[in-house]
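# Tertiary structure, described
As a plain string of letters, each chain reads:
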Amino acid sequence: MSGTLFIVSAPSGAGKTSLVRALLAADPGVRLSISHTTRAMRPGEVDGRDYHFVTKDTFDAMRARGDFLESAEVHGNFYATSRGWIAERMAAGDDILLEIDWQGALQVRRIMSEAVGIFVLPPSLDALAERLANRATDSPDVIARRMSAARAEIGHVGEFDYVIINTEFEDAARDLIAIVRARRLRLTAQLSRHRQLIDSMK
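Below is a summary of the structure that appears in this document. (Residues numbered from 1 in each chain as written. Predicted model: local features only at pLDDT ≥ 70, side-chain atom pairs only at ≥ 80, totals over all residues. Heavy atoms only, no water.)

## Re the overall build of the chain
Rules: Numbered from the N terminus, helices here are DSSP runs of H or I no shorter than four residues, and strands are runs of E no shorter than two. We compute the radius of gyration over the C-alpha atoms and compare it with the globule rule, which gives 2.2 Å times the number of residues raised to the power 0.38. With a 1.4 Å probe rolled over the protein chains alone, any residue whose accessible area is under 20% of its type maximum counts as buried; one over 50% counts as exposed, and the rest are partly exposed.
For the chain, the count of helices and strands is eight helices and nine strands. Expected size for 202 residues packed as a compact globule is a radius of gyration near 17 Å; at 18 Å, the chain falls within 12% of this value. In terms of principal-axis extent, the alpha carbons of the chain reach across some 65 × 40 × 30 Å. In the chain, which comprises 202 residues, the proportion classed as buried is 46%.

This is how it looks when you write it as structure tokens:
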């Protein structure tokens, strides 16, 4: 039995993290992969829950050992996904969700072509700029850099299987939940989980 790997990517401020939280609350069958990062912890974040916060030296040592399935630099900070944890949980039949940027998504899908890519878009760039400003966590210069990066990131939308436009949060959350549930109903997934049952009814 093998689980499905879901990858959710989006430009900063598009609502990816909130949508992922809604999915995890609605579907206990999905487990979130906690990324390693060198960035500073933000207010309210908890090590091991939001990220595994590590120093740059520790990050470099882990990457050199081949501990990461993917790694990327985003806005001057480094992020990566644990290779061993993903393999272990998927082998146990868990569905795993990666909340990573397009660079990491591309790396993962080169190795695991069956991974499901989901890209979250804002309703417009103006709406994205407003959301970033309303977070009140970044300076105007940082927001300007994030907006510039967002345009480049959105250019990679064609590399994903599904696109969710986050205009109304509740609708977007339902769309994300529907994607996960629909993928579980594919024949290959159902045979992996329920082959004995299906065979018994033939």
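So, next bit.
## Quick notes on the layout of surface pockets
Condition: Put plainly, a pocket is an open set of points on a 1 Å grid over the protein atoms alone with protein on both sides within 12 Å along at least five of seven lines, a cavity is a set where a 1.4 Å probe fits but cannot get out, and a lining residue has an atom within 4 Å of a point. Grid points are joined across faces, edges and corners, and a volume is the space filled by probe spheres set on the points. Classification convention: Asp, Glu, Lys, Arg as charged; Ala, Val, Leu, Ile, Met, Phe, Trp, Tyr, Cys, Pro as nonpolar; all other residues, Gly among them, as polar.
For the largest pocket, the calculated volume is near 1400 Å³. Secondary-structure elements contributing two or more residues to the lining of the largest pocket are helix H1 (16-26), strand E5 (68-74), strand E6 (77-82), helix H5 (125-135) and helix H6 (140-154). The element that contributes the greatest number of residues to the lining of the largest pocket is H1, accounting for five residues. Size it by volume and the second largest pocket reaches roughly 230 Å³. Forming the walls of the second largest pocket are Ser-2, Gly-3, Thr-4, Leu-5, Met-90, Glu-114, Val-116, Arg-183, Arg-186, Thr-188, Ala-189 and Ser-192. By residue number, the principal contributor to the lining of the second largest pocket is helix H8 (residues 187-200), which donates three residues. Within the lining of the second largest pocket, the residues separate by chemical class into four nonpolar, five polar and three charged.

## Description of the environment of Ile-165
Definition in use: By the convention used here, residues are in contact when the closest approach between their heavy atoms is within 4.5 Å.
Here Ile-165 lies in strand E9 (residues 162-165). Spatially, the C-alpha atoms of Ile-165 and Arg-181 are 19 Å apart, while their sequence positions differ by 16 residues. The contacts of Ile-165, once residues within four sequence positions are left out, are Leu-121, Pro-122, Pro-123 and Ala-172.

## What about the pairing of E6?
Along a regular strand, successive side chains alternate from one face of the sheet to the other. Here is the rule we go by: Being paired, for any two strands, means DSSP has found at least two bridges between them.
Extensive coverage of E6 is indicated by the burial of five of its six residues. Relative to E6, strand E3 (residues 36-37) runs antiparallel, the two sharing two bridges. Paired with Thr-37 across the two strands is Tyr-79, which belongs to E6. Bridge count for E5 against E6 is six bridges, and the pairing is antiparallel. Among the inter-strand pairings, Ser-71 is bridged to a residue of E6, identified as Ala-80. Connecting E5 to the antiparallel partner E6 that follows it, the hairpin turn spans two residues, and His-75 within it adopts a positive phi of roughly 55°.

## A look at H1
Two residues of an α-helix separated by three or four positions point the same way, owing to the 3.6 residues in each turn. Using the following cut-off: Directions are taken from the helix axis to each C-beta atom, and the arc is the one they span.
Along H1, the residues that are buried comprise Lys-16, Leu-19, Val-20, Ala-22 and Leu-23. For H1, the angular spread of buried residues about the axis comes to 160°, placing them on one side. Relative to its buried face, H1 has exposed residues pointing more than 90 degrees away, namely Arg-21 and Ala-25. On its buried side, H1 packs onto strand E1 (5-9), strand E2 (30-32), strand E7 (95-99), strand E8 (116-121) and helix H7 (169-184).

## Some thoughts on the packing of H5 against H6
Inclusion rule: With axes taken as lines fitted to C-alpha atoms, and helix axes fitted only over the stretch in contact, angles between N-to-C directions fall between 0 and 180 degrees. In these notes the angle categories are as follows: under 35 degrees is roughly parallel, over 145 is roughly antiparallel, 65 to 115 is roughly perpendicular, and the rest is oblique. Definitions for this section: a left-handed crossing has its near helix turned counterclockwise from the far helix by less than a right angle. A right-handed crossing has that turn clockwise.
Axis separation between H5 and H6 bottoms out at 10 Å; the angle between their running directions is 140°. Taken together, H5 and H6 sit at an angle that is classed as oblique. Here H5 runs over H6; the crossing is right-handed. Together, Leu-125, Leu-128, Ala-129, Leu-132, Ala-133 and Arg-135 of H5 and Ile-143, Arg-146, Met-147, Ala-150, Arg-151 and Ile-154 of H6 make up the contact between the two elements.

## Brief notes about the sheet that holds E1
In space, the five strands of this open sheet follow the order E2-E7-E1-E8-E9, with parallel pairing throughout. The outermost strands of the open sheet, each flanked by one partner alone, are E2 and E9. Across the sheet, the axes of successive neighbouring strands diverge by a mean angle of 25°, strand direction being ignored. The pairing of E8 with E9 spans four bridges and is parallel. Paired with Val-120 across the strands is Ile-164, a residue of E9. In this fold H7 packs onto E1, E2, E7, E8 and E9, with an angle of close to 160° to the strand it touches most, E9.

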